[in-house]
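# Inside the fold
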Amino acid sequence: MTATTHDAHHEGPPSSFLQRWLFTTNHKDIGTLYLVFSLAMFFVGGLMALVIRAELFQPGMQLVDPYFFNQMTTNHALVMIFGAVMPAFTGLANWMIPIMIGAPDMALPRMNNWSFWLLPFAFAILLSTMLMPGGALAGGWTMYPPLMLQHGMALPFAIFAVHLMGISSIMGAINVVATILNMRAPGMTLMKMPLFVWAWLITAYLLIATMPVLAGAITMLLTDAFFGTHFFNAAGGGDPVMYQHIFWFFGHPEVYIMILPAFGIISAIIPTFSRKPLFGYSSMVYATASIAFLSFIVWAHHMFTVGMPLSGELFFMYATMLIAVPTGVKVFNWIATMWRGSLTFETPMLFAVGFVVLFTIGGFSGLMLAISPADFQYHDTYFVVAHFHYVLVTGAVYSIIAAAYFWLPKWTGHMYDERLGKLHFWLSTIFVNVLFFPQHFLGLAGMPRRIPDYSTQFADWNAVSTIGAFGFGFAQLIFLWVVIKCVRGGAKASDQVWEGAHGLEWTLSSPPPYHSFNEPPAIPAGESSPR
Amino acid sequence: MSDNRELDPHTRRRIRWTVAVLVATALGFYVWTIVRQMNS
């Protein structure tokens, strides 16, 4: 690739606020928009979680009616998955992929703008359903028929909103693939790319393959509800279980869409603060690809209890357990990277190490859930809630926070407040375990998920869990303050920022120029991967 | 690319082909998901 340049390339951002943020085609600005949006949605979804936990603080009905409680569980999931975690990773991809591979921008900058600006409208529609007669969706984020077909006005609006989110994700993913495959600097071969870029390339393929399947499923839900079709209506010859198969064909790869970029982030941070190259770079690439492949053939472990042939149960059980192998490769590679390294524990490293330990707990409980006969006991209990929150909060969210601390000095040109960052880590890590670990006990004791009231035998651990939830929620306000403080000022960050940092992004100034790599950077032929 | 910069024709062509294949893949998965249920 050759980059043609002329004087206009060195311009800064447009001076008008609207021109800059509404019409921007700059990957850094769009990355910032995604990240700010995702942080806002993180707090919206977090407030919904606090409503759930406040109601569950004691047995009996205290604060909200059961229907509103169900709206909270449903929309907490939709907001956190599609509004917080996925846009955060897309924001990181927008900011970092071009400057990691030496590209001047994303391949399709106008589409990039459109991908982002669909999201605020999608979530305005989704959240507005809470004000509609009958309220928002309350049948769970999985939107299973026939329950979901009994909804009133909210259903078509929510389905339209999820379609918009899907279109946004697919366009973002197409942009990532087109950028990585066509815009790398000369000499930046695939096996020299940073693992964050590799992880995102594979994630983008997962998105392109699975988001249309979700769109297809909810389109059929829509036609069943309003156009007289019977795709999922048993009385009309349809099959409601088929919806579950289609949904989870999307839903399980979706889990990896939310964790593969996290693996890429951790693979950037641990070598930096270990001051060693990543152990087993190529095995990390192959492990990521293996996990992505396996994610397509394990979906029915989410629905062991619907009743399927024994051979089906066995296949999905063993295929699920197989995922532990490439995941184990990754965990051991991170540990091997740290082994005998010159370790320091700045905030990004604390969150990265926290990720490795706590995500692995989520992985182990996932293995327990994969055991089909045991899953009949665990299914739809708080054990499942504990499992996926360890994966998604101490996994995906921890990696996003780690990435924010890691790259904030590069983005803003200022160092963040390390003391507050460490306080944020320790409070988060203590409270997140107080919040989610007792939910394992509740689930094993038989407490069902998605209920606003419960038997008194579950009272103690629910009270503990709620205390953890409020502690974790307030700890995130520290993060908000650290980010605002860092954006507004602070000690000047050097170009390299971290002593052990390697890669093209660290050769740019902090903050990087508005337009970077107008001329492709030179990458020496023999140089190893930039980690 | 940001509006004020241009890519060489070869890269532009490659990007167009990449996008065409990926859009076709996405649309294919969408249509296949629905059509498959119609036939069952």
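Cut-offs used in this document
Residues numbered from 1 in each chain as written. Chains lettered and ligands numbered in written order. Predicted model: local features only at pLDDT ≥ 70, side-chain atom pairs only at ≥ 80, totals over all residues. Helix = DSSP H or I, 4+ residues; strand = E, 2+ residues; numbered from the N terminus. Rg over C-alpha atoms; globule rule 2.2 N^0.38 Å. Buried ≥ 20, exposed ≤ 12 C-beta atoms within 10 Å, placed from the backbone. Contact = placed C-beta atoms within 7 Å. Expected span 1.5 Å × (residues − 1). Bend = angle between axes of the 7 residues up to and from the residue. Core = buried A, V, L, I, M, F, W, Y, C linked by C-beta atoms within 7 Å. Nonpolar A, V, L, I, M, F, W, Y, C, P; charged D, E, K, R; others polar. Axes fitted to C-alpha atoms, helices over the stretch in contact; angles between N-to-C directions. Parallel < 35°, antiparallel > 145°, perpendicular 65-115°, else oblique. Left-handed = near helix turned anticlockwise from the far one by under 90°. pLDDT = per-residue confidence, 0-100.

### Digging into the overall build of chain A
Summing up its helical and strand segments, chain A has 16 helices and one strand in all. Whereas a compact globule of 531 residues would reach a radius of gyration of roughly 24 Å, chain A reaches 23 Å, a difference of no more than 12%. Seen along its three principal axes, the alpha-carbon backbone of chain A occupies a region of about 65 × 50 × 45 Å. A burial count over chain A gives 54% of its 531 residues as buried. Long-range contacts, defined as pairs at least 24 residues apart, comprise 83% of the intrachain contacts of chain A with a sequence gap of at least 6.

### Details of helix α15 (residues 418–444) of chain A
All names here are of chain A. In this model, α15 (27 residues) spans 39 Å end to end at C-alpha, consistent with the 39 Å of a helix rising 1.5 Å per residue. The sharpest bend along α15 measures roughly 25° and falls at V434, with the proline P438 sitting one to four residues further on. Directly beyond the C-terminal end of α15, a positive phi value near 105° is found at G446.

### A word on the nonpolar core
Residue and element names in this part refer to chain A. The biggest cluster of nonpolar side chains holds 178 residues, and the ones touching the most others in it are V85, I101, V197, A217, I269 and A402. A per-element tally of this core places helix α14 (residues 382–412) first, with 22 residues. Apart from residues no more than four positions distant in its own chain, V197 is found in contact with I97, M100, I101 and I180.

### So, the interface of chain B and chain A
With 21 residues of chain B at the contact, the number on the chain A side is 33 residues. Of the residues that constitute the side of chain B that touches chain A, the class distribution is nine nonpolar, seven polar and five charged.

### Comments concerning unusual backbone geometry
Residues and elements named next belong to chain A. Along the chain, P145 connects to P146 via a cis peptide bond; the corresponding omega equals 5°. Relative to the elements of secondary structure, P146 occurs in the loop between α4 (109–128) and α5 (154–182). Even without being glycine, R340 reaches a positive phi, approximately 60°. Along the chain, the position of R340 falls in the loop between α11 (324–338) and α12 (347–370). Positive phi is not limited to glycine here, since F517 has a value of about 50°. Looking at where F517 falls in the secondary structure, it is placed in the segment after α16 (459–488).

### Things to note about the environment of H389 of chain A
Among the secondary structure elements, H389 of chain A is positioned in helix α14. Each C-alpha atom of the pair H389 of chain A and W200 of chain A lies 22 Å from the other, and the pair is 189 residues apart in sequence.

### Some words on the packing of helix α2 (residues 27–55) of chain A against α4 of chain A
Residues and elements named next belong to chain A. Across the interface, α2 lies against α4 with an axial gap of 10 Å and an inter-helix angle of 15°. On the basis of the axis angle, α2 is roughly parallel to α4. The handedness of the crossing between α2 and α4 comes out as left-handed. Contacts between α2 and α4 pair H27, I30, L33, Y34, F37 and M41 from the former with P109, N112, N113, F116, L119, P120 and F123 from the latter. Of the residues contributing to the contact of α2 with α4, the split by class is ten nonpolar, three polar and no charged.

### Quick look at the confidence of the model for chain A
Per-residue confidence for chain A gives a mean pLDDT of 95, with 97% of residues at or over 70. In this model, residues 1–9 of chain A is a region of pLDDT below 50 whose contacts with residues beyond four sequence positions or in other chains number 19 contacts.

### Notes on the environment of L435 of chain A
All names here are of chain A. Checked against the element boundaries, L435 lands in helix α15. L435 sits 34 residues away from A469 along the chain, and the two C-alpha atoms are 5.2 Å apart. Excluding its chain neighbours within four sequence positions, the residues that come into contact with L435 are S465, G468, A469 and F472.

### Quick look at the environment of I259 of chain A
Residues and elements named next belong to chain A. For I259, the location among the structural elements is in the loop between α7 (240–257) and α8 (260–274). Note on I259: 24 C-beta atoms within 10 Å, which makes it buried. The sequence separation of I259 and G395 amounts to 136 residues, and the corresponding C-alpha distance is 7.1 Å. Discounting chain neighbours no more than four positions away, the residues touching I259 are V391, G395 and A396.

### Brief notes about the packing of α5 of chain A against helix α6 (residues 195–226) of chain A
All names here are of chain A. Contact geometry of α5 with α6 gives a least axis separation of 8 Å together with a crossing angle of 155°. Considered as vectors, α5 and α6 are oriented roughly antiparallel to each other. Crossing geometry of α5 relative to α6 is assigned as left-handed. When grouped by side-chain class, the residues that make up the contact of α5 with α6 number 26 nonpolar, three polar and no charged.

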